[in-house]
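# Summary of structural features
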Amino acid sequence: MEKTGFTMWDKLENQVADEFESLDSDKSQFMKKQFARRVYTGEINFVWKEVLEDPWLEEVYDEDTRQGRGFYDQTTKMMKNRHYTQTTLRSVLDLREMEKYFDLNKIKWITDFGPGYGGFIRVWHKLFTNTCYQLVDLPRLHQVSQHYLNKYDISAEWNTLENHQSPKDLSLFVATHSLNECTIETRNEVEKILPEYDHIYIVYNDSFDGINNLEYFEELGKKLNETHVVHISFDKKSTHKWRLIAVK
């Protein structure tokens, strides 16, 4: 399982950041760029079918993506003249899964590891209040989520893993499609901070860059069992990905 060194993200960080910086103050076309589209968008149909009737959709729709306020995301679905990006639909799906294990209303601190352009935080902020946000990402990608969340007047802290801030209240660590794409060295550093969190939610695929993620996260679950109750499951209906949920 051991795989160290560089990953595709060593190139993608700069490729995505270069695309973002190449645009003027109007960043609404960012998602049409080659590498941004590759990194931030994905399959939407199965997720859409799973959350089609969810009442939260009335509160979190992405109309602003069509008005230039957010990023214009080509991967959208429309219902009742309202647009929903892949990120928004996945966020609703993830939140519904989380609430099976813990009370979302009690969370006061979220660390989003590998937060993409900040879509999960926007959805959370529409549904819940009085939460502190920390977005942990590669240095040059901070500007992407900063720009997006600033458009919605959402305050947050941006850090790298090296200057991660420990949670100061009832907390949630989120890593959807991010920790599973890190080197073993980076994963080892993340493992050091996970016991600080009351709740952990990780979504991952079966392998990445030669690393067997199924083996890795099974072992991580065993380690977390020392401090948390751990649940690992496979979503065969919509995402075809695995979830690790840990609760103190």
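Residues numbered from 1 in each chain as written. Predicted model: local features only at pLDDT ≥ 70, side-chain atom pairs only at ≥ 80, totals over all residues. Heavy atoms only, no water.

### Brief notes about the overall build of the protein chain
From N to C terminus, the protein chain includes 9 helices and 11 strands. Residue burial in the protein chain is summarised as follows: out of 248 residues, 54% are buried. Surface accessibility of the protein chain: about 11,600 Å² in total, with carbon and sulfur atoms responsible for 45%. (Helix = DSSP H or I, 4+ residues; strand = E, 2+ residues; numbered from the N terminus. Buried < 20%, exposed > 50% of the residue type's maximum accessible area, 1.4 Å probe, protein only. Areas by Shrake-Rupley, 256 points an atom, 1.4 Å probe, with all protein chains shown as cover.)

### Points about the side chain of Ser91
Positionally, Ser91 belongs in helix α5 (residues 86–98). We classify Ser91 as buried; its relative accessible area is 3%. Once residues within four sequence positions are removed from consideration, Ser91 is found in contact with Gly119, Phe120 and Val123. (Contact = heavy atoms within 4.5 Å.)

### Here's the deal with the pattern of salt bridges
This model, assessed by the stated rule, comprises 13 salt bridges. The shortest N-O distance in the salt bridge between Asp18 and Arg140 comes to 2.9 Å. Remark: Arg140 occurs in the loop between β4 (132–136) and α7 (142–151) and Asp18 occurs in helix α1 (residues 9–22); sequence separation between them is 122 residues. What makes Asp18 partly exposed here is its relative accessible area of 44%. Look at Arg140 and you get partly exposed, because its relative accessible area is 25%. (Salt bridge = Lys/Arg side-chain N within 4 Å of Asp/Glu carboxyl O.)

### A word on unusual backbone geometry
In this model, Asn130 sits at a positive phi of 55 degrees, which is unusual for a non-glycine residue. By the secondary structure assignment, Asn130 is in the loop between α6 (119–127) and β4. Classification of Asn130 as exposed rests on a relative accessible area of 64%. You will see that Asp209, though not glycine, has its phi angle at about 50 degrees, which is positive. Looking at the element boundaries, Asp209 is found in the loop between β8 (207–208) and β9 (211–212).

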